[in-house]
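Commentary on secondary and tertiary structure
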Amino acid sequence: MIAGLVALAVAAGLAVVGAVAWQRHRHFAGVAEDRRRNDEWHRRHEGEVVESETRLRLSLDAAKQGVVVADASGAVLYRNPCARPFAEARHGEALVEAVVAELLAEAARGQAVEREVELYGPPRRILFVSARPLRRDGRDYGAVALIDDITESQRLDAMRRDFISNISHELRTPMGALSLLAETLAGETDPEVASRLACRVQVEAIRLSGILDDLLELSRIESSDASERSVVDVRNVVADALSRVGPAAEEKRISIEASLPVLDLRVRADRRQLASAVFNLLDNAVKYSEADHQVRVAAARRGGCVEVEVSDRGYGIPLRHQKRIFERFYQVDRSRERTRGGVGLGLAIVRHVAANHGGEVKVESTVGEGSSFTLVLPAGNEPLADEGDEPELPETGQPRGQQPVGATA
Ligand code: ADP
């Protein structure tokens, strides 16, 4: 009986011990599992933190602005590639680094600051440095400085301002003349003088509308990148331009020799833009030549390009002006050019047309000998939009009694 009881007690004891052991085992297994889960969570989140930090850093590395991050004491923690050259610079550019350090220190004290820094170069550059405090929930994390190169935007601003003032000036001159002429005309009793004044009113009105036409043409060409393209034969384009320049050439008894060989002179182009470019070159050649002189236009194929060359034996352009004549409103001799009706937009149109078509315009000129402008365009290989249309060369600019302009093979 006792033995039975003892056996029972032992069995019960063993059961209790077993249960406790099982419980402990479960407990420790749970703790280990929790720890494992915890570690796993940390590992995963640490990975995410590292990943997002890397992403952030790569984004800052790719920024076109310079970025410099400093801690609350002003010590630099990070500098992106755009900002690095300033830290390594010795001469003028070192000034930027000094400004960055100064602004970061101010920003770390809680104040947003900015400053423009001009580097005299060459090349001359204008940088805009701004710094902001990094702060969240009342805690300071330091400051960030941004460096922007604003040279180009300032240049464009200045160009826009110049453009507006030039337009106003160019329009005011004929408008003033018109108003004065109209006033005089109103009080004029002599019909002969009145008729002369009316002619001058007409000349000024034509001049005004010429300026507006050029402005509209330039803005159209600047805003479109030759979207209406088709394959055109350059000989047809030259023919269009020749018929437009005809009256002006005739007035000065200037003959225009056209050399348009029967070759493959196809280009993929906006025909209207191209005709405008060639017309401006021919118009200038006529405008800047003495009466009775000769102008020549020739088209040729060179390598993968079609070239249109317009040459004259006119006044020529001094070397120092040759780079600038393609700028809007630039004229070599303002008072002289004015009397010829120019406002300085023709070559800007030519340059834009060339750029729109992936080509270029070149100039060679000698004062007193003449000028030669060459429009270079990539050749087109597709069939012509209007196959087989032979250019009809107008009898342009020919003094009476001479042979009309013709294509020379
Ligand atoms: P403009 O309306 O004054 O002719 P352009 O833009 O066509 O303006 O030309 C700019 C300047 O370049 C002209 O004012 C003139 O001084 C000079 N120029 C252009 N073409 C010629 C040329 N063929 N011969 C001499 N000077 C030229």
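Residues numbered from 1 in each chain as written. Predicted model: local features only at pLDDT ≥ 70, side-chain atom pairs only at ≥ 80, totals over all residues. Heavy atoms only, no water.

Moving on to the nonpolar core. Counting 55 residues, the largest nonpolar core has Ile256, Leu282, Val297 and Leu375 as its most contacted members. Taken domain by domain, the makeup of this core includes at least three residues from each of domain 2 (156–223) and domain 3 (227–408). Sequence-distant contacts of Val297, defined by excluding residues within four places in its chain, comprise Val238, Leu242, Ile256, Glu257, Ala258, Ser259, Leu282, Val308, Glu309 and Val310. Within the second largest apolar cluster, 20 residues are counted, among which are Phe86, Val96, Val99 and Ala107. (Core = buried A, V, L, I, M, F, W, Y, C linked by side-chain atoms within 4.5 Å. Buried < 20%, exposed > 50% of the residue type's maximum accessible area, 1.4 Å probe, protein only. Domains from an automatic or database assignment. Contact = heavy atoms within 4.5 Å.)

To continue, consider the site of the ligand. Around the ligand there are 19 residues in total, and Asn284, Tyr288, Gln331, Glu337 and Leu347 lie nearest to it. For the ligand, the protein covers 99% of the area, taking 530 Å² as the surface of the free molecule. If you list the elements that add at least two residues to the shell around the ligand, you get α7 (271–287), α10 (346–356) and β12 (370–378). When grouped by side-chain class, the residues that make up the shell around the ligand number 9 nonpolar, 7 polar and 3 charged. (Near = heavy atom within 4 Å. Areas by Shrake-Rupley, 256 points an atom, 1.4 Å probe, with all protein chains shown as cover. Helix = DSSP H or I, 4+ residues; strand = E, 2+ residues; numbered from the N terminus. Nonpolar A, V, L, I, M, F, W, Y, C, P; charged D, E, K, R; others polar.)

Summed over all chains, the structure comprises 21 salt bridges. With a closest N to O distance of 2.6 Å, Arg135 and Asp140 form a salt bridge. Among the salt bridges present, the one from Glu217 reaches Arg272, with a minimum N-O distance of 3.0 Å. With Glu217 in helix α5 (residues 191–223) and Arg272 in helix α7, the pair connects residues that are 55 residues apart, well separated along the chain. Within the structure, one salt-bridge network assembled from shared partners comprises Glu217, Arg220 and Arg272. (Salt bridge = Lys/Arg side-chain N within 4 Å of Asp/Glu carboxyl O.)

The two faces of a sheet get side chains in turn, since along a regular strand they alternate between them. Of the two faces of strand β11 (residues 360–366), only one is covered, namely that formed by Val361, Val363 and Ser365; the face formed by Glu360, Lys362, Glu364 and Thr366 stays uncovered. Where β11 and β12 come together, 7 bridges link them in antiparallel fashion. When the bridges of β12 are listed, Glu360 appears paired with Val376. As consecutive antiparallel partners, β11 and β12 are separated by 3 residues, and within that stretch Gly368 has a phi angle of approximately 85 degrees, a positive value. (Pairing = 2+ DSSP bridges.)

For helix α3 (residues 94–108), with 15 residues, the first-to-last C-alpha span of 21 Å sits near the 21 Å given by 1.5 Å per residue. Turning to α3, its buried residues are Val96, Glu97, Val99, Val100, Leu103, Leu104, Ala107 and Ala108. Projection of α3 onto a plane perpendicular to its axis shows the buried side chains occupying an angular sector of 160 degrees, all on one side. Buried residues along α3 sit in contact with β1 (66–70), β2 (76–79), α2 (84–88), β3 (113–119), β4 (125–136) and β5 (139–149). (Expected span 1.5 Å × (residues − 1). Arc of directions from axis to C-beta.)

Read across the open sheet, the 5 strands follow the order β7-β9-β10-β12-β11; overall the sheet is mixed. Looking at which strands have only one partner, the edges of the open sheet turn out to be β7 (255–259) and β11. Across the sheet, the mean angle from the axis of one strand to that of its neighbour is 15 degrees, orientation sign disregarded. With 7 bridges connecting them, strand β10 (residues 305–312) and β12 associate as antiparallel partners. Bridge pairing in β12 links Cys305 to Pro378. (Axes fitted to C-alpha atoms, helices over the stretch in contact; angles between N-to-C directions.)

Taken in spatial order, the 5 strands of this open sheet run β2-β1-β5-β4-β3, and their pairing is antiparallel. Of all the strands in the sheet, just β2 and β3 have a single pairing partner and so form its edges. Neighbour-to-neighbour, the strand axes of the sheet open up by a mean angle of 20 degrees, direction not taken into account. Bridge count for β1 against β2 is 3 bridges, and the pairing is antiparallel. When the bridges of β2 are listed, Val68 appears paired with Arg79.

With that settled, the discussion passes to the confidence of the model for the chain. Considering every residue of the chain, the mean pLDDT works out to 84; 85% of them sit at 70 or more. Here residues 396–409 scores under 50 on pLDDT; set against residues more than four positions off or in separate chains, the count is 38 contacts. (pLDDT = per-residue confidence, 0-100.)

A word on the packing of α5 against α7. Axis separation between α5 and α7 bottoms out at 12 Å; the angle between their running directions is 130 degrees. On the basis of the axis angle, α5 is oblique to α7. Considering how the two elements wind past one another, α5 and α7 form a crossing that is left-handed. On the side of α5, the interface is formed by Glu217, Arg220 and Ile221, while α7 contributes Arg272, Gln273 and Ser276. Residue composition of the contact of α5 with α7, by class: 1 nonpolar, 2 polar and 3 charged. (Parallel < 35°, antiparallel > 145°, perpendicular 65-115°, else oblique. Left-handed = near helix turned anticlockwise from the far one by under 90°.)

For the rest of this paragraph, the subject is the packing of aromatic side chains. Counted by the stated rule, this structure contains 2 aromatic pairs. Taken together, a centroid distance of 5.4 Å and an interplanar angle of 45 degrees make the contact between Phe163 and Phe329 tilted. In this pair, Phe163 sits in helix α4 (residues 151–187) while Phe329 sits in the loop between α8 (319–322) and α9 (334–339), placing the two residues 166 residues apart along the sequence. No difference in accessibility class separates Phe163 from Phe329, as the two residues are buried. Aromatic pair Phe326 and Phe373: ring centres 6.3 Å apart, planes at 75 degrees, arrangement edge-to-face. With Phe326 in the loop between α8 and α9 and Phe373 in strand β12, this pair connects stretches of sequence that are 47 residues apart. As far as burial versus exposure is concerned, Phe326 and Phe373 are alike and both buried. When the ring centre of Phe279 is taken as reference, the NZ or CZ atom of Arg244 above it lies at 3.8 Å. The side chain of Arg328 reaches across the aromatic face of Phe163, ending 4.2 Å from its centre. (Phe/Tyr/Trp six-rings, centres within 6.5 Å; stacked < 30°, edge-to-face > 60°. Lys NZ or Arg CZ within 6 Å of the ring centre and 35° of its normal.)

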